[in-house]
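A look at the structure
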Amino acid sequence: MLHALGSATPDPIIRLMHAFAADPRPDRIDLGVGMYRDEAGGTPVMAAVHAAELRVLAAQETKGYLGLAGDPAFHAAMRDLLLGEAASVERVAAAGTPGGTGALRQALELVRRANPGARVWMSAPTWPNHPALVRAAGLEAVQYRYYDAESGGIDRAGMRADLEGAAPGDVVLLHGCCHNPTGADLTQGDWSDLAVLLDRRGAVPLIDMAYLGFAEGPQADAAGLRLLAAALPEVLIAASGSKSFGLYRERVGCVLAVCADAGIRERAAAMLATINRESYAFPPDHGARVVTTVLADADLHAQWAAELEAMRLRLARLRAALADALRDASGSDRFGCLKAQRGMFSLIGADPAQVERLRAEHGVYLIGDGRINVAGLGEAAIPGVARAIAAELA
Ligand code: LMR
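Throughout this document, residue positions are counted from 1 along each chain, in the order its sequence is written. Whole-chain, interface and lining totals are the exception, using all residues; otherwise, since this is a predicted model, local features are given only for residues with pLDDT of at least 70 and side-chain atom pairs are given and counted only at 80 or more. Side-chain numbers here rest on the full set of heavy atoms in the structure, without hydrogens or water.

The helix and strand tally for the protein chain stands at 15 helices and 13 strands. The quantity called the radius of gyration is restricted to C-alpha atoms. Its globule counterpart is 2.2 Å times the number of residues to the power 0.38. By the compact-globule yardstick of 21 Å for 394 residues, the protein chain fits well, its C-alpha radius of gyration being 21 Å. Taken over the C-alpha atoms alone, the protein chain extends approximately 60 × 55 × 55 Å along its principal axes. Here's how the labels work: a residue is buried when its accessible area is under 20% of the maximum for its type, exposed when over 50%, partly exposed in between, all with a 1.4 Å probe on protein chains only. Sorting the 394 residues of the protein chain into buried and exposed places 52% on the buried side. Think of it this way: any DSSP run of H or I at least four residues long counts as a helix, any run of E at least two long counts as a strand, and we number them from the N terminus.

In structure tokens, the structure reads:
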């Protein structure tokens, strides 16, 4: 029977990750997959996370099953971290998931069960796994204009015009912060305009929050999401612990459904538990327990926040240094927007042939759409990478 399978389309990010690993050149540079890296190119376990893991191991007496939605203490910790006071506890249903990708998948399945005809509006461009997840959930994916390549900012008029086409019960997928792949984020004014538009159209936002803390810090990065949660009857959030806690392979994620009232919340919570049951039964616990421990303890929380802030500041320094080096190497200001963009990713405006030459001739790995992960740059590598980019994009 399996001979009838078509060929699976490899995800471009994962394909590049494997190509990088297989390349024997010692000085090759990985600007591909979205993992934070330090100056030595490593992705160490955060000290607060390590300390929390030791506590979890010392205190844990059982690994018996929890509920289908995972640990309520984890839900509460994530709810407080993301929503603060923006939505009352009675309005928020939650379920643990394997990573932020799992959260997106479960959120989309929840949408399908509530409204199988929903279209899911995605920014152009977006993370390549977004349309794949929407299709896997059996929903229709449509695009709204978002990135203005000329300015490196947002095409506000295009975005507004396209989202005016959203129907009641459609879903609008938004990046909570650190837009992937452009680094061009919505301002607080944009979020507030969006709240008005979504309310008028009766469309429901689904916010992918994978990089909390990497743009302006956890509080500021959650501000847009909180604004929507306070203004709208329904908001879906897919949160990840991969980047903000460095727990990538532990698969820490959480879907939060902000509902119109406590009665709907009950139904959403029960359906999320059922969807987990029908997918993998129980979500993974270890990483979620570590996150809960970090967030619940004042000292660990402060230590985590300081480590996250150091990572954020390093990204901002790398962005500025790369933008300056590119200006010097190219003699043009076209890369100046790298400084204003936020998080790990930016598009450098390379076409697939230029991306291929950067890989083959310079050992610089970036995604085929021209996305770079600035965290993959060591300070020492910046001048060489800038010269390579300037040479190929001239
Ligand atoms: C990325 O965009 O590189 C990350 O979100 C990792 C992934 O799973 O694609």
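The environment of the ligand is made up of Ile13, Val33, Gly34, Trp127, Asn180, Tyr211, Lys243, Phe345 and Arg371. One of the side-chain N or O atoms of Tyr211 is found 3.3 Å from an oxygen atom in the ligand. Here, Shrake-Rupley sampling with a 1.4 Å probe gives the accessible areas, and only protein chains in the shown set may cover a residue. Starting from 270 Å² of accessible surface for the ligand in isolation, the protein chains cover 83%. Residue classes in the shell around the ligand are distributed as 5 nonpolar, 2 polar and 2 charged. Annotation comment: domain bounds sourced from an automatic or database domain assignment. Both domains that furnish three or more residues to the shell around the ligand are identified here as domain 1 (10–46 + 301–393) and domain 2 (65–296). One heavy atom suffices: a residue is near a molecule or strand as soon as one of its heavy atoms comes within 4 Å of it. Polar contact is defined as a pair of N or O atoms within 3.5 Å, subject to the rule that within protein one atom must be able to donate a hydrogen and the other to accept it, and that residues adjacent in sequence are counted only when both atoms are side-chain atoms. Basically, the charged four are Asp, Glu, Lys and Arg, the nonpolar ten are Ala, Val, Leu, Ile, Met, Phe, Trp, Tyr, Cys and Pro, and anything else, Gly included, counts as polar.

Only strands that DSSP links by at least two bridges are regarded as paired with each other. Spatially, β2-β10-β9-β8-β7-β3-β4 is the arrangement adopted by the 7 strands of the open sheet, whose pairing is mixed. Edge positions in the sheet fall to β2 (92–97) and β4 (140–145), since each of these pairs with one other strand and no more. Averaged over all neighbouring strand pairs, the angle between strand axes comes to 25°, with direction disregarded. Pairing analysis gives 6 bridges linking strand β9 (residues 235–240) to strand β10 (residues 253–258), with the strands arranged antiparallel. By the bridge assignment, Leu236 is partnered in β10 with Ala257. Running over the sheet, helix α6 (residues 156–163) touches β3 (119–124), β4 and β7 (171–175) and is turned about 145° from β4. Lines fitted to the C-alpha atoms define the axes, with helices restricted to the stretch that makes contact. Angles between their N-to-C directions range from 0 to 180 degrees. In what follows, a contact means two residues having at least one pair of non-hydrogen atoms within 4.5 Å.

Here a helix's expected span is defined as the number of its residues, less one, multiplied by 1.5 Å. Spanning 12 residues, helix α3 (residues 72–83) covers 16 Å between terminal C-alpha atoms, matching the ideal 16 Å at 1.5 Å per step. Burial in α3 covers these residues: Phe74, His75, Ala77, Met78, Arg79, Leu81, Leu82 and Leu83. Capping of α3 at its N-terminal end is provided by Asp71; its side-chain oxygen lies 3.0 Å from the backbone amide nitrogen of Ala73. Phi turns positive, to about 55°, at Gly84, one or two residues after α3.

Next up on the list: the domain arrangement of the protein chain. Split into domains, the protein chain comes out as domain 1 (10–46 + 301–393) and domain 2 (65–296). With centres defined by C-alpha atoms, the gap from domain 1 to domain 2 works out at 26 Å. On the domain 2 side, the residues contacting the 24 residues of domain 1 number 32 residues. Here the quantity called buried area is the total loss of accessible area, with a 1.4 Å probe, experienced by two parts when brought into contact, counted for both. Regarding the contact of domain 1 and domain 2, the summed buried area is about 2300 Å², with carbon and sulfur atoms giving 62% of it. Contact with domain 2 buries area across many residues of domain 1, yet Trp304, Arg312 and Arg342 alone supply 30% of it, more than any other trio. Note on definitions: salt bridges are taken to be side-chain nitrogens of Lys or Arg within 4 Å of carboxyl oxygens of Asp or Glu. Inspection of the domain 1/domain 2 interface yields 2 salt bridges. The partner of Asp185 in a salt bridge is Arg342, and the shortest N-O contact between them spans 3.1 Å. Across the contact surface, domain 1 and domain 2 share 12 residue pairs in polar contact (both at pLDDT 80 or more). For the side of domain 1 that touches domain 2, the elements supplying multiple residues, two or more each, are α1 (12–22), α12 (298–330) and β11 (345–347).

Exposure above 30% relative accessible area and no salt bridge define the residues that can form patches, which grow by joining like charges within 9 Å and nonpolar side chains of Val, Leu, Ile, Met, Phe, Trp and Tyr within 5 Å. Taken together, the side chains of Met1, Leu2 and Leu5 define a hydrophobic patch exposed on the protein surface, amounting to about 410 Å² of accessible area. Tracing the backbone shows Leu2 in the segment before α1. Judged by relative accessible area, Leu2 falls into the exposed class, the value being 57%.

A negative phi holds for most residues other than glycine; trans holds for most peptide bonds. For the bond running from Ala124 to Pro125, omega is 0°, close enough to zero to count as cis. Of note, the bond from Asn180 into Pro181 is cis; its omega dihedral lies within 30 degrees of zero at 25°. Secondary-structure assignment places Pro181 in the loop between β7 and α7 (188–201). For Cys178, which is not a glycine, the phi torsion comes out positive at approximately 55°. The phi dihedral of Arg251 falls on the positive side, at around 60°, and the residue is not glycine. The topology assignment puts Arg251 in the loop between β9 and β10. The exposure class assigned to Arg251 is partly exposed, which follows from its relative accessible area of 31%.

Right, let's get into the packing of aromatic side chains. Only centres within 6.5 Å qualify two rings of Phe, Tyr or Trp (six-membered ring in Trp) as a pair; their planes then separate them into stacked at under 30 degrees, edge-to-face at over 60, and tilted for everything else. Throughout the structure, instances matching the rule amount to 7 aromatic pairs. Aromatic pair Phe20 and Tyr365: ring centres 5.1 Å apart, planes at 90°, arrangement edge-to-face. Linking Phe20 in helix α1 with Tyr365 in strand β12 (residues 364–365), this pair joins segments that are 345 residues apart in sequence. Assigned by exposure class, Phe20 and Tyr365 land together as buried. Where Tyr36 meets Phe214, the ring centres are 6.3 Å apart and the plane angle is 35°; that geometry is what we call tilted. You can see Tyr36 sitting in the loop between β1 (29–30) and α2 (47–59) and its partner Phe214 sitting in the loop between β8 (204–209) and α8 (218–221), a full 178 residues away along the chain. Each member of the pair, Tyr36 as well as Phe214, is classed as buried. An aromatic cluster is defined as three or more aromatic residues linked by ring pairs; in this entry it consists of Tyr36, Tyr211, Phe214 and Phe345. Charge-over-ring placement is defined geometrically: NZ (Lys) or CZ (Arg) within 6 Å of the ring centre, and within 35 degrees of the ring normal. The ring of Phe20 has Arg28 sitting right over it, with the charged end atom 4.2 Å from the ring centre. Between the NZ or CZ atom of Arg371 and the centre of the ring of Phe345, over which it lies, the distance is 3.6 Å.

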